Amino acid sequence: MRQIALPLSAASDSPPRIVVAAANSGVVDALLEPGSWPFRTAILSGPARSGKSLLARWFAESGAGDAIDDAHLMEEDALFHRWNRAQESGRPLLIVAQNRFAPGTGDGESAGEEARWRVTLPDLSSRLGAALDLEIGEPDDAMLAGLIEIHAEMRGLILDETAIQYLAGRCERSHLGVERLVAAIDRLSLERKVAPTMAIWRDALIETKGGDTREP
């Protein structure tokens, strides 16, 4: 596991660094080589709170190219214009969306099929379909530990290595789950006016995950 420091101000409410592990290492490697992207375009998706926006910001601020966050919320004509402008300038374009892109309008899509980002503008759909598909996966144990450490640091919580490993082995295995867990620990600690203890760790785990927290 490695980490990427972000040049953010002390007042920022964003994480100060990005944890890089199996779930996103392939994405980071691809962002370092935008010259190899087909049509100099890549589409990044992933779970909620998985660092998509942070990676896009890091990519843009590094000077490697331009980034569009929440592209699935944009007007399709405007997004098509941005794609064309990127082709004319030769500048790589990273497009961030909530779900993975799938060409077509979704006609005939079954109700149980995984949610995908589709556009109705045929020309835009065909061009996005040719872009490099990048997806962040769910975190492994190493990434969970790193995320707990960062979110605790952001809240001024003191969690030693024992606490981090205990929580990483028992928490909800998602980026959002970690964020909720550390927020619960912080709140319970403030309510009880004590530093985080084993009792608080367990109560926060039950609150955010439920069930028996004695074993991973």
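These lines cover the structure that appears in this document, whether it is placed above or below. (Residues numbered from 1 in each chain as written. Predicted model: local features only at pLDDT ≥ 70, side-chain atom pairs only at ≥ 80, totals over all residues. Heavy atoms only, no water.)

Right, let's get into the overall build of the protein chain. A tally of helices and strands in the protein chain yields 8 helices and 6 strands. Each helix and strand of the protein chain, placed in order from N terminus to C terminus, yields the pattern β-β-α-β-α-β-α-β-α-β-α-α-α-α. Taking all 216 residues of the protein chain together, the buried fraction comes to 43%. For the protein chain, long-range pairs separated by at least 24 residues make up 67% of all intrachain contacts whose partners lie at least 6 apart in sequence. As displayed, the protein chain offers around 11,100 Å² of accessible surface, 50% of which is attributable to carbon and sulfur atoms. (Helix = DSSP H or I, 4+ residues; strand = E, 2+ residues; numbered from the N terminus. Buried < 20%, exposed > 50% of the residue type's maximum accessible area, 1.4 Å probe, protein only. Contact = heavy atoms within 4.5 Å. Areas by Shrake-Rupley, 256 points an atom, 1.4 Å probe, with all protein chains shown as cover.)

Turning our eyes to something else, we now look at the packing of aromatic side chains. Evaluation of the coordinates by the stated rule reveals 4 aromatic pairs. On the numbers, 5.4 Å between centres and 25 degrees between planes, the contact of W37 with F59 is stacked. In this pair, W37 sits in the loop between α1 (25-31) and β3 (41-45) while F59 sits in helix α2 (residues 52-61), placing the two residues 22 residues apart along the sequence. With respect to class, W37 is no different from F59; both count as buried. Summarising the aromatic geometry, the rings of Y166 and W201 are spaced 5.6 Å apart at their centres and angled 45 degrees between planes, so their arrangement reads as tilted. Of this pair, Y166 sits in helix α6 (residues 161-168) while W201 sits in helix α8 (residues 198-208), placing them 35 residues apart in sequence. (Phe/Tyr/Trp six-rings, centres within 6.5 Å; stacked < 30°, edge-to-face > 60°.)

A word on the environment of L93. By the element assignment, L93 lies in strand β5 (residues 93-96). Excluding anything up to four places from it in sequence, L93 contacts W37, R40, T41, A42, D66, I68, R82, W83 and A86.

We now examine the nonpolar core. In globular proteins that are soluble, nonpolar side chains generally tend to be buried together. I148, L159, L167, V178, L181 and I185 are the most contacted members of the largest nonpolar core, which has 28 residues in total. The next biggest cluster of nonpolar side chains, apart from the first, holds 20 residues, and it includes I4, I18, L55 and W58. (Core = buried A, V, L, I, M, F, W, Y, C linked by side-chain atoms within 4.5 Å.)

Time to look at the pairing of β5. What you see with β5 is no split at all: L93 and I95 on one side and L94 and V96 on the other are buried throughout. In the sheet, β3 pairs with β5 via 4 bridges, with the strands oriented parallel. Counterpart to T41 in the pairing with β5 is L93. Taken together, the 3 bridges between strand β4 (residues 66-68) and β5 define a ladder with parallel strand orientation. In the strand pairing of β5, I68 is matched with I95. Once the chain exits β4 it traverses helix α3 (residues 76-89) before rejoining the sheet at β5, and the crossover so formed is right-handed. (Pairing = 2+ DSSP bridges. Right-handed = clockwise from strand over helix to strand, strands pointing away.)

With that settled, consider the packing of α3 against helix α4 (residues 122-129). At a closest axis distance of 10 Å, the pairing of α3 and α4 adopts a crossing angle of 50 degrees. In terms of axis orientation, α3 runs oblique to α4. In this structure, the crossing between α3 and α4 has a hand that is left-handed. Taken together, the residues of α4 that come into contact with α3 (itself represented by E76, L79, F80 and W83) are D123, L124, R127 and L128. Of the residues contributing to the contact of α3 with α4, the split by class is 5 nonpolar, no polar and 3 charged. (Axes fitted to C-alpha atoms, helices over the stretch in contact; angles between N-to-C directions. Parallel < 35°, antiparallel > 145°, perpendicular 65-115°, else oblique. Left-handed = near helix turned anticlockwise from the far one by under 90°. Nonpolar A, V, L, I, M, F, W, Y, C, P; charged D, E, K, R; others polar.)

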